[in-house]
Amino acid sequence: MQLQLYNSLTRKTEVFVPIDPEQRVVTFYSCGPTVYDFAHIGNFRAFLNADVLRRTLESIGYSVNQVMNITDVGHMTDDDVADGGGEDKMEVASTRLAEAKKSGTLPKETDVDPTDPLAVAEYYASAFIDDSKALGMKIVSDVEENQDLMPRPTQYISHMIEMVRLLIEKEHAYVAQDGAVYFDVQSFPAYGRLSGNTMEKLRSGEGGRVDMETQKIKRNPADFMLWKPDPNHLMRWESPWGEGYPGWHIECSSMATVLLGDVVDIHSGGEDNIFPHHECEIAQSCCATGRDSFANYWFHTRFLLVDGGKMSKSKGNFYTLRDLVSKGATPAAIRLELIRTHYRSNANFTFQGLKDSQRQIDRWRRLATWLCTHTDVKVNETPLQDALERFITSMCDDLNIAGAIGILSEAVGLYSIDCNPDEGDGPSTFGDELKALHDMDAILGVIELEDEVCIKNLDVSKIESLIEARLDARTNKEWARADELRDELCALGIEIKDGPEGTSWSRVVQ
Ligand code: AMP
Ligand code: ZN
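Residues numbered from 1 in each chain as written. Chains lettered and ligands numbered in written order. Predicted model: local features only at pLDDT ≥ 70, side-chain atom pairs only at ≥ 80, totals over all residues. Heavy atoms only, no water.

1. Points about the pattern of salt bridges
Then comes step 1: Following the criterion strictly, the structure yields 24 salt bridges and no others.
Then comes step 2: One salt bridge in this structure joins Glu144 and Lys133, with 3.2 Å as the shortest N-O distance. Of the two residues, Glu144 is situated in helix H4 (residues 139-145) and Lys133 in helix H3 (residues 117-134); the sequence distance between them amounts to 11 residues.
Then comes step 3: Close ionic contact of Asp498 with Arg486 constitutes a salt bridge, the shortest N to O distance being 3.6 Å. Here the residue Asp498 occupies a position in strand E14 (residues 494-499), and Arg486 occupies one in helix H18 (residues 479-491), the gap between them amounting to 12 residues.
Then comes step 4: Judged by its relative accessible area of 33%, Arg486 is partly exposed. (Salt bridge = Lys/Arg side-chain N within 4 Å of Asp/Glu carboxyl O. Helix = DSSP H or I, 4+ residues; strand = E, 2+ residues; numbered from the N terminus. Buried < 20%, exposed > 50% of the residue type's maximum accessible area, 1.4 Å probe, protein only.)

Here it is as structure tokens:
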């Protein structure tokens, strides 16, 4: 089967053909998070859609070599203008954590040293990896085998310096009066092709806010920073242009080249990465390698909205996986909620949507359990096997996931399993049906997502200390206090039962 995939570069849906069609190996670079905070579910919408694309490729026989960077330096608060202005996001995180520590609002278990930005980065990186695992992102199991697949820019500085040096040598970059190295966009006529930004638009500063001082020293206002000497930057390295730090864009160009080669098959990100980040990546990479392509297919996910606006950290209107799990949502339902709208449309996050997703998964899981425990006496049809090919065909139509879910749900509906799924009537004779369900879930990744992860993501020590405090209150006959603590547990999505063996707790789905 062939995958039809929309390519943001050509603005067309194309048949996907990898660089090496014989090998059936796909190289896939996904722009990952900047680890200055917990990733929110908007970020995860972009990462999970990349995961769904990867799983679709795997289900039609490709092996996918995926790399996702974890940015730990050089992503500035004003990077939308491509000048490296503002503050380094990691330094902002260090300041925020230091203030929280001083005011006592930092949770006790956060023993990270806020004065060390790399420790802060690793703290959020490991939270990101835990969350990604809970959400069923396949790259996490690859990383358990090979850590290089989630590279940190701070480990690739010498490669970046080498790429900048090469760009200067080839006259695609220059050192300006302020000592910083800039990419000369006029030296690369294809600059603007991905985002549709013409030189005129860029010249008139349509990219966003501009720093007039920097604009004056650049050859062209659209030129972007590759290396910034700065003796005061918390994270800085020696370079031929003085002690300083790399531009955010050069990081991805460099890591992709080192880990996947000069040209990759697919490159993914959120829609805001198109400009300036990916536009700049193409310019740097093509000019450094001399190739006319950096990535053959560009895959961009539209934003997750909340109340009609972009979910973002700066607006404060975001939820993390942890927020939602503590309200009783399961990672499987969150995953389905984030992938079930087509990646090229905006998705709107609602709690009702989350509940619907959970209900959908429960129905699929009930059927899976029923199929495991029943002997086929009456049913001699094979709805799931019949659905499988149509399901994959739908996914191969530029990831038409709503169509695919419709096909699966229709097949599930053909079974009437009102009976208690736990009461089986003999050894399963539905092996082939189960295999078809499993193959569809190989793309969705929700039916078999372990429930333990829900427990893992809860703050178990907090739950246990609340239970203990409640037991103390009951022993002291402080009934109102005991009820208050029960309510607090309830708000965390925890139900408690008092029995002869003591108090037990379980998670409830709200
Ligand atoms: P950041 O950690 O800010 O670098 O963002 C990580 C990724 O999340 C980028 O690919 C962004 O494009 C993406 N992203 C940020 N906000 C959203 C959103 N509301 N919906 C979808 N993707 C987003
Ligand atoms: Zn990137």
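Back to the write-up after that little detour.
2. Section: the packing of helix H1 (residues 41-59) against helix H15 (residues 431-444)
Then comes step 1: Between H1 and H15, whose axes approach to 7 Å, the crossing angle comes to 145 degrees. Where H1 approaches H15, its residues Val52, Arg55, Thr56 and Ser59 are matched on the opposing element by Asp441, Ala442 and Ile443.
Then comes step 2: Residues that form the contact of H1 with H15 fall into these classes: 3 nonpolar, 2 polar and 2 charged. (Axes fitted to C-alpha atoms, helices over the stretch in contact; angles between N-to-C directions. Contact = heavy atoms within 4.5 Å. Nonpolar A, V, L, I, M, F, W, Y, C, P; charged D, E, K, R; others polar.)

3. Notes on the layout of surface pockets
Then comes step 1: Size it by volume and the largest pocket reaches roughly 1000 Å³.
Then comes step 2: In this structure, the largest pocket is lined by 43 residues; those nearest its centre are Tyr36, His75, Lys89, Asp272 and Lys310.
Then comes step 3: If you list the elements that add at least two residues to the lining of the largest pocket, you get H1, helix H2 (89-103), helix H8 (248-260), strand E9 (264-270) and helix H9 (274-289).
Then comes step 4: Among the elements that line the lining of the largest pocket, the one with the most residues is H1, at 5 residues.
Then comes step 5: Residues that form the lining of the largest pocket fall into these classes: 15 nonpolar, 16 polar and 12 charged. (1 Å grid on protein atoms, 1.4 Å probe; cavity = no way out; pocket = protein on both sides within 12 Å on 5 of 7 lines; lining within 4 Å. Points joined across faces, edges and corners; volume = space filled by probe spheres on them.)

4. Observations regarding the environment of Lys138
Then comes step 1: On the secondary structure map, Lys138 appears in the loop between H3 and H4.
Then comes step 2: Classification of Lys138 by relative accessible area gives partly exposed; the value is 29%.
Then comes step 3: Distance in space between the C-alpha atoms of Lys138 and Asp51 is 6.7 Å, their sequence separation being 87 residues.
Then comes step 4: In contact with Lys138, not counting residues within four places along its chain, are Asp51, Arg54, Arg55 and Glu58.

5. A look at unusual backbone geometry
As a rule of thumb, non-glycine residues mostly have phi less than zero, and peptide bonds are mostly trans rather than cis.
Then comes step 1: The omega torsion across Phe275 and Pro276 is 5 degrees, close enough to zero to call that bond cis.
Then comes step 2: For Pro276, the position within the fold is in helix H9.
Then comes step 3: A positive phi angle is found at Arg11, which is not glycine, with a value near 60 degrees.
Then comes step 4: With respect to the helices and strands, the residue Arg11 is situated in the loop between strand E1 (4-7) and strand E2 (12-15).
Then comes step 5: Relative accessible area serves as the criterion here: at 43%, Arg11 is assigned to the partly exposed category.
Then comes step 6: Of note in this structure, Asp398 is not a glycine but carries a positive phi near 50 degrees.

6. Digging into the coordination of the zinc ion (ligand 2)
Reference values for coordination geometry: four tetrahedral donors around a metal ideally subtend 109.5 degrees, six octahedral donors ideally subtend 90 or 180 degrees.
Then comes step 1: Looking at the zinc ion (ligand 2), one finds its protein donor set to be Cys31 (SG), Cys252 (SG) and His277 (NE2), positioned 2.1 to 2.2 Å from the metal centre.
Then comes step 2: Of note, the zinc ion (ligand 2) draws all its donor residues from one chain, in the sequence arrangement C-x220-C-x24-H. A residue pair is termed long-range when its members are at least 10 positions apart, and Cys31 in the loop between strand E3 (25-30) and H1 and His277 in helix H9 qualify at 246 residues. Here Cys31 matches His277 in class, with each residue buried. (Donors = N, O, S within 2.8 Å, 3.2 Å for Na, K, Ca; no water.)

7. Side note on the sheet that holds strand E6 (residues 181-183)
Then comes step 1: Pairing within the open sheet is antiparallel, and its 4 strands lie in the order E5-E6-E7-E8. Of all strands in the sheet, those bounded by a partner on one side alone are strand E5 (173-175) and strand E8 (244-246). Each strand axis lies, on average, 20 degrees off the axis of its neighbour in the sheet, ignoring direction.
Then comes step 2: In this structure, E6 lies alongside strand E7 (residues 224-229), joined through 3 bridges in antiparallel fashion. Among the inter-strand pairings, Tyr182 is bridged to a residue of E7, identified as Met225.
Then comes step 3: In the packing of helix H5 (residues 157-169) onto the sheet, the strands contacted are E5, E6, E7 and E8, and the crossing angle to E7 comes to about 120 degrees. (Pairing = 2+ DSSP bridges.)

8. Thoughts on the site of ligand 1
Then comes step 1: In the region of ligand 1, 16 residues are neighbours, and Gly42, Asp272, Asn273, Leu304 and Met311 sit closest.
Then comes step 2: A distance of 3.1 Å is found between an oxygen atom of ligand 1 and a backbone nitrogen or oxygen belonging to Thr34.
Then comes step 3: Between an oxygen atom of ligand 1 and a side-chain N or O atom of Asp272, the distance comes to 2.2 Å.
Then comes step 4: Summarising the interface, the protein chains cover 94% of the accessible area of ligand 1, which totals 500 Å² for the free molecule.
Then comes step 5: A majority-of-atoms criterion places ligand 1 in the largest pocket.
Then comes step 6: Among the residues making up the shell around ligand 1, the classes are represented as 6 nonpolar, 7 polar and 3 charged. (Near = heavy atom within 4 Å. Polar contact = N/O pair within 3.5 Å; in protein donor to acceptor, adjacent residues only side chain to side chain. Areas by Shrake-Rupley, 256 points an atom, 1.4 Å probe, with all protein chains shown as cover. Sits in = over half its atoms within 2 Å of the grid points.)

9. Remarks on the nonpolar core
Then comes step 1: The biggest cluster of nonpolar side chains holds 132 residues, and the ones touching the most others in it are Ile266, Ile334, Trp364, Leu384 and Phe391.
Then comes step 2: Counting residues per element, this core draws most heavily on H1, at 8 residues.
Then comes step 3: Each residue touching Ile334, except ones within four places of it in the same chain, is listed here: Ile41, Leu135, Leu321, Leu324, Val325, Ala329 and Leu354. (Core = buried A, V, L, I, M, F, W, Y, C linked by side-chain atoms within 4.5 Å.)

10. Examining the packing of aromatic side chains
Then comes step 1: Under the counting rule described, the total for this entry stands at 18 aromatic pairs.
Then comes step 2: An angle of 55 degrees between the planes, with centres 4.9 Å apart, marks the rings of Phe16 and Tyr297 as tilted. Placement of Phe16 in the loop between E2 and E3 and of Tyr297 in strand E10 (residues 295-301) is noted, with a sequence separation of 281 residues between them.
Then comes step 3: Where Trp227 meets Trp241, the ring centres are 6.2 Å apart and the plane angle is 55 degrees; that geometry is what we call tilted. Placement of the pair is Trp227 in strand E7 and Trp241 in the loop between E7 and E8, with a sequence separation of 14 residues. (Phe/Tyr/Trp six-rings, centres within 6.5 Å; stacked < 30°, edge-to-face > 60°.)

11. What about the confidence of the model for the protein chain?
Then comes step 1: For the protein chain, per-residue confidence averages 88 on the pLDDT scale, and 89% of positions sit at 70 or higher.
Then comes step 2: This stretch, residues 451-457, has a pLDDT under 50; its non-local contacts, to residues over four places away or in other chains, come to 18 contacts. (pLDDT = per-residue confidence, 0-100.)

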